[in-house]
Amino acid sequence: MDIIRARDLTVGYGRTEVLRDLAFTVPEGRITVVLGVSGSGKSTLLKTLAGLLPPLGGEYDFAGSRVDYRSEASLRFLYGKIGVLYQGGALLNGLSLFENVALPIRMQHPKMPEDMVRDMVYASLAQVELAGSAEKYPAELSGGMTKRGGLARALVLDPDVVFCDEPSSGLDPITSALLDDLLLRLKETFKMTLVVVTHELRSIERVADSVLVVNDGGLRFSGDYADLAAADDKFIRTFFLRKDSHDNA
Amino acid sequence: MSDTVLLPKRLRAPEVVALLDGICRSAEAGPLTLDFRDVEEFDSSTLALLNYVRGRLANVVTVNIGGALARAEESFVRRPPTEETKGPPSGSLPSRVLTAIADRFIFQAKSLGRFLAMLGDEVYHVGVYLKERKGVYPGETWNQMFFMGYRSFPIVCLLIFLVGVTISITSAEQLRHFGADIYLADLVGLAMLKELVPLMTGVILAGKVGAAITAELASMTVLEEVDALRTMGVVPEKFLMVPRLLAITLVVPLLVAMADVVGIFGGIVVARVTFGTPPAAFIREMMTSVKWTDFGWGLLKAVVFGWAVVVGSGFKGLTVGRSAEEVGRATTESVVLSITLIILIDCIFAFLLY
Ligand SMILES: Nc1ncnc2c1ncn2[C@@H]1O[C@H](COP(=O)(O)OP(=O)(O)O)[C@@H](O)[C@H]1O
Ligand SMILES: [Mg+2]
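Residues numbered from 1 in each chain as written. Chains lettered and ligands numbered in written order. Predicted model: local features only at pLDDT ≥ 70, side-chain atom pairs only at ≥ 80, totals over all residues. Heavy atoms only, no water.

## Details of the overall build of chain A
Note the following rule: Numbering goes from the N terminus for both helices and strands, where a helix is a DSSP run of H or I of at least four residues and a strand is a run of E of at least two. With the radius of gyration taken over C-alpha atoms, the globule rule is written as 2.2 Å times the number of residues to the power 0.38. Whether a residue is buried, partly exposed or exposed follows from its accessible area with a 1.4 Å probe, protein chains only, as a fraction of its type maximum: under 20%, in between, or over 50%, in that order. Residue contacts follow a heavy-atom distance rule, with two residues in contact if any of their heavy atoms lie within 4.5 Å.
Within chain A, the regular secondary structure consists of eight helices and ten strands. The C-alpha atoms of chain A give 18 Å as radius of gyration, which agrees with the globular expectation for 249 residues (18 Å, within 12%). Taking the principal axes of its C-alpha atoms as reference, chain A extends roughly 55 × 50 × 35 Å. Out of the 249 residues in chain A, the part that is buried amounts to 55%. Long-range pairs, those at least 24 residues apart, make up 65% of the contacts in chain A with a sequence separation of at least 6.

If you want it as C-alpha cells, here you go:
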C-alpha cells in the first residue's frame, strides 16, 4: 500500500514554482529518502506533504484521502497522523525539553493524567537518548540534542508517517549513526513510514528503501533504492561518482 | 612587428602592480605580446591581470601562457555568468511606474484583507476558548499578564505623570489670564480620562508590548516553531494569540485606572504649586464636570487600543518572511502599524462620541 500519492504536484511559493509536476508514491512502512542538492526544493516538498504549504497545482492523497489545504478537517486528519522533525529542531524556546515533548500530548489530550504524560514523554526521550536532559531548556542544548529533541516530540504521539528534514546534517558520525538506528527501529518495531531528507551517503545506504531524487525543478527519479544506480540521469551519476570516490578514500 | 614583454618568474601582487602601468602604456603605443611562460610564482592578482589583458586589452595584447599558470587560469578565472541576466523590465517608464504603484496597492489591499481576516479569527478563537478552555497552553495567560504588566507599568506611570504636569502647566498659563484657575481641574480631568491616558497607554503598549510580541512571534516563525505547532495539531493563531489577547484585556483596565490617578495627580501638583489650589478643592471641582461615563469610555478605548496593538503586532509577527533580518524589520513595522491603528480608532471614537 502507498500511504502517499502525488499526481502532477507542483510546489512553490506564490508565483515561484520550485518543483513542477511531481508524480510519485511513498510506500507504507518503509523509509523513503529524498535526495537533491541544497536549494533544490526538498524542504519545500516536505512542507507541502506535511500540510503547511498549499501546492500550486496537482493532487496529493494521504492515507487514501485527498488533502484539501483549505479544509480544516482535512488538515486536522493529516496533522493527526504525521510527525515532523524540522531542519533546526524547532523546539519552543520558552519551554523545557520535557514540556516541549509533552506539548503535543497536552494539546491533543488535555485530560490525560500527569503520570501518563510523564511516562510517554520519558519513553520518547529515551528513544533519542535524551532522558537525562529533560529539564534543560532549548538554549542549553547542542544542535544535535535539539534535533533529537525535535524528533522525540515528533514521535511522542506515535504518528503513522514521520517527515525528517536533514536529521543528521551537522551531527557527528556517532550521533548520526544513532539516529539511523533509531529510524530503522521505528520502521521495524512500529511499522512507521519515514520520509527523510538527507545528504549523508552512509545513512542513505543504511536506511533507504526507496528514493526520490529532485533536481532542477523536477523529479529525476522515484523508486527502489536498488534501482537508483541504473538510473540514467546526470545528477544521479554525479552523485554516485562522488560516492565512489568517497569509498575509495 | 609587436613588442614582447617577458614576465618574471615571480609575479605576485607587488610585481603586478609595479608592471601594470608599463604594460598599459606600451599597449597604447602599439601591439604587444605578453609572455607569461616563465611565471612560476603567482597569485590571484596574476590571474586578475590575465583576465584584464584578455578582456580590456584583447585587441592589442597577445598572451603566451603555459604550465601551472595556464591550468590555474582554466580553473579559477571567473567566467561571465552563463545564465542570462535579466534585462531591465520592459515597457516605458510611466507604465512601469504605474505597474509598480498598482502592485504595491494590490499588495497593501491584500495585507489589509489578511489583517481583517485575522482580526475576525482572533475574536472567534477567544470566544471558542472562553467556552471550551482548549487549545492554549495552561497558565500562559497569567504569564503574559505578568510580562505585560511588568513591562509597561513603570513607564506608563512615569510618562502619564509627566504628561499631566505638562498639559497643566501649559493650560495654567492661559487660564490665569481669565482668572479661571479652578477650571484647571476640569480641563485636566477630562483631557486625561477621555483622551490622553488611553492614547498614551496605547502608544506605550505599542512600543513595549507590541514590539516584544512581534519580535517573539517573528523569530518563532523564522525558526519554523510556528510550523511545528501547526503540524502538532495546534492552531498557532489561537495558541499564541489568545493568551496575549486575554492578558491585554485584563491588564489594560489596571493600567488605565493607575494612569488616570497618576495623570490627575500631576495636575494636582501643578495647581497646588502655581495657584495654591488645595488638592481637595481640585478634586471637588473635577467631580462636577467629569462623569463616570468619561472614565468608562476612556477605559473602553484603551482596551480597544490594546487589542489593536496585540492583533497588529501578532499579524506582523506571523506574516514575517523567512530570514532573520526580517524579524527586525517586522518589529519596526509593527510599532508603526500599532500606532496608526490606535490613531485611526481614536478618530472613529471621536466621531462616535461627540
Ligand atoms: N518561504 C519562501 N519563500 C520563497 N522562496 C522560498 C521560501 N523558502 C525557500 N524558498 C526558495 O525555494 C527554493 C527551495 O528551497 P528549499 O526547499 O529550502 O531547498 P532545500 O531544502 O532543498 O535546500 C530555494 O530557491 C529557496 O530560495
Ligand atoms: Mg532544506
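The structure having been displayed, the exposition proceeds.
## With respect to the side chain of Ser171 of chain B
All names here are of chain B. Where we set the bar: Any pair of N or O atoms that falls within 3.5 Å is considered a polar contact. Within protein, one atom must be able to donate a hydrogen and the other to accept it, and sequence-neighbouring residues count only if both atoms are side-chain atoms.
Structurally, Ser171 is set in helix α5 (residues 140–178). Its relative accessible area of 12% is what places Ser171 among the buried residues. Here Ile167 takes part through its backbone oxygen, which lies 2.4 Å from a polar atom of the side chain of Ser171.

## Looking at the sheet that holds strand β5 (residues 61–64) of chain B
Residues and elements named next belong to chain B. Just so we agree on the cut-off: DSSP-based pairing: two strands are paired if at least 2 bridges between them are found. Every angle, taken between N-to-C directions, lies between 0 and 180 degrees, and every axis is a line fitted to C-alpha atoms, over only the stretch in contact when it is a helix.
The three strands lie next to each other as β1-β3-β5, forming an open sheet whose pairing is parallel. The open sheet terminates on both sides in strands that have one partner only, identified here as β1 (3–6) and β5. Direction aside, neighbouring strands of the sheet carry axes that sit 20 degrees apart on average. In terms of strand pairing, strand β3 (residues 32–35) meets β5 through four bridges, oriented parallel. Looking at the pairing, Leu32 lines up with Val61 of β5.

## Quick notes on the nonpolar core
Here is the rule we go by: What we call a nonpolar core is a set of buried Ala, Val, Leu, Ile, Met, Phe, Trp, Tyr and Cys residues that are connected through their side-chain atoms within 4.5 Å.
Counting 103 residues, the largest nonpolar core has Phe24, Tyr60 and Phe163 of chain A as the members making the most contacts within it. It is helix α9 (residues 241–275) of chain B that contributes the most residues to this core, 15 residues altogether. Other than its neighbours up to four places away in sequence, Phe24 of chain A contacts Ile4, Arg5, Ala6, Leu45, Leu49, Leu212, Leu219 and Ser222 of chain A. Formed by 46 residues, the second largest nonpolar core is a distinct cluster that contains Met145, Leu151, Val162 and Leu182 of chain A.

## A word on the interface of chain A and chain B
What counts, and what does not: Salt-bridge detection follows one rule: a side-chain nitrogen of Lys or Arg within 4 Å of a carboxyl oxygen of Asp or Glu.
Facing 22 residues of chain A, the contacting portion of chain B comprises 17 residues. Seen at the junction of chain A and chain B, the total is zero salt bridges. Where chain A touches chain B, the interface holds four residue pairs in polar contact (both at pLDDT 80 or more). Contributions of two or more residues to the side of chain A that touches chain B are made by β6 (82–85) and α3 (97–108) of chain A.

## Concerning the site of ligand 1
The condition that has to hold: In these notes, residues near a molecule or strand are those with any non-hydrogen atom within 4 Å of it. With residues, only the protein chains shown are counted as cover, and all accessible areas are computed by Shrake-Rupley using a 1.4 Å probe. Amino acid classes used here: Ala, Val, Leu, Ile, Met, Phe, Trp, Tyr, Cys and Pro are nonpolar; Asp, Glu, Lys and Arg are charged; the rest, including Gly, are polar.
Close contacts around ligand 1 come from Tyr13, Val18, Val37, Ser38, Gly39, Ser40, Gly41, Lys42, Ser43 and Thr44 of chain A together with Arg322 of chain B, and that covers them all. Take Ser43 of chain A: an N or O atom from its side chain is 2.6 Å from an oxygen atom of ligand 1. Summarising the interface, the protein chains cover 67% of the accessible area of ligand 1, which totals 560 Å² for the free molecule. Among the residues forming the shell around ligand 1, the class breakdown is three nonpolar, six polar and two charged.

## Digging into the pairing of strand β4 (residues 57–62) of chain A
Residues and elements named next belong to chain A. Note that strand β1 (residues 2–13) and β4 share five bridges and pair antiparallel. The residue bridging Ala6 from the neighbouring strand is Tyr60, located in β4. Relative to strand β5 (residues 65–66), β4 runs antiparallel, the two sharing two bridges. Following the sheet pairing, Asp61 is matched in β5 by Arg66. Between β4 and β5, which pair antiparallel in sequence order, lie two residues; one of them, Ala63, sits at a positive phi of approximately 50 degrees.

## A short note on the coordination of the magnesium ion (ligand 2)
All names here are of chain A. Just so we agree on the cut-off: With water excluded from the atoms, a metal site may look incomplete; its donors are any N, O or S atoms within 2.8 Å, or within 3.2 Å for Na, K and Ca.
Protein-derived ligands of the magnesium ion (ligand 2) are Ser43 (OG) and Gln87 (OE1), with the metal-ligand distances lying across 2.0 to 2.8 Å. You can see Ser43 sitting in helix α1 (residues 42–49) and its partner Gln87 sitting in the loop between β6 and α3, a full 44 residues away along the chain. On the accessibility criterion, Ser43 (24% relative accessible area) is partly exposed.

## Some words on the domain arrangement of chain B
Put simply, the test is: Annotation comment: domain bounds sourced from an automatic or database domain assignment.
When the domains of chain B are assigned, the result is domain 1 (3–76) and domain 2 (122–353). In this structure, domain 1 of chain B and domain 2 of chain B have C-alpha centres spaced 70 Å apart.

## A short note on the pattern of salt bridges
According to the stated counting rule, one finds 28 salt bridges over all chains in the structure shown. When the shortest N-O distance is used, the salt bridge between Arg7 of chain A and Glu59 of chain A registers 3.3 Å. In this pair, Arg7 of chain A sits in strand β1 while Glu59 of chain A sits in strand β4, placing the two residues 52 residues apart along the sequence. Residue Asp346 of chain B is joined to Lys301 of chain B by a salt bridge in which the shortest nitrogen-to-oxygen separation is 2.9 Å. Remark: Lys301 of chain B occurs in helix α11 (residues 292–318) and Asp346 of chain B occurs in helix α12 (residues 324–353); sequence separation between them is 45 residues. Because the salt bridges share partners, they merge into one network encompassing Arg7, Glu59, Asp61 and Arg66 of chain A.

## Focus on α5 of chain B
All names here are of chain B. Here is the rule we go by: Every helix has an expected span of 1.5 Å times one less than the residues it contains. A residue's bend is simply the angle between two axes: one fitted to the seven residues ending at it, one to the seven starting at it.
The terminal C-alpha atoms of α5, which comprises 39 residues, lie 55 Å apart, in line with the 57 Å expected from a rise of 1.5 Å per residue. In α5, a bend of some 35 degrees at Ser152 exceeds every other bend along the element, and Pro154, a proline, comes one to four places later. The first or second residue beyond α5 is Gly179, which carries a positive phi of 65 degrees.

## Focus on the packing of aromatic side chains
Convention followed: When two rings of Phe, Tyr or Trp (its six-membered ring) have centres within 6.5 Å they constitute a pair, described as stacked for plane angles under 30 degrees, edge-to-face for angles over 60, and tilted for the intermediate range.
The tally for this structure, following the rule as stated, stands at eight aromatic pairs over all chains. Taken together, Phe146, Phe147 and Tyr150 of chain B form an aromatic cluster joined through their ring pairs.

## A few points about the side chain of Arg106 of chain A
Position of Arg106 of chain A relative to the elements: it lies in helix α3. Excluding residues within four positions of it along the chain, Arg106 of chain A makes contact with Phe98, Glu99, Glu114 and Val117 of chain A together with Tyr137 of chain B.

## Let's talk about the confidence of the model for chain B
Here is the rule: A residue's pLDDT is the confidence the predictor assigns to it, expressed on a 0 to 100 scale.
When pLDDT is averaged along chain B, the result is 89, and 95% of the positions lie at 70 or above. Interface predicted TM-score (ipTM) for the complex: 0.91; the corresponding pTM is 0.82.

## A word on the sheet that holds β5 of chain A
Residue and element names in this part refer to chain A. Judged by pairing direction, the sheet is antiparallel, and its four strands sit side by side in the order β2-β1-β4-β5 without closing on themselves. Single-partner strands in this sheet number two, and they are β2 (16–27) and β5. By the bridge criterion, eight bridges tie β1 to β2 in an arrangement that is antiparallel. Its bridge partner being in β2, Ile4 is matched across the sheet by Val26. In this fold α1 packs onto β1, β2 and β4, with an angle of close to 120 degrees to the strand it touches most, β1. Each of β4 and β5 is contacted by helix α2 (residues 72–81), which is oriented at about 55 degrees to β4, the strand it contacts most.

## Re the pairing of β3 of chain B
Residue and element names in this part refer to chain B. Taking every second residue as pointing to the same face, both faces of β3 are buried, with Leu32 and Leu34 on one and Thr33 and Asp35 on the other. As judged from the four bridges shared by β1 and β3, these two strands associate in the parallel manner. Counterpart to Val5 in the pairing with β3 is Leu34.

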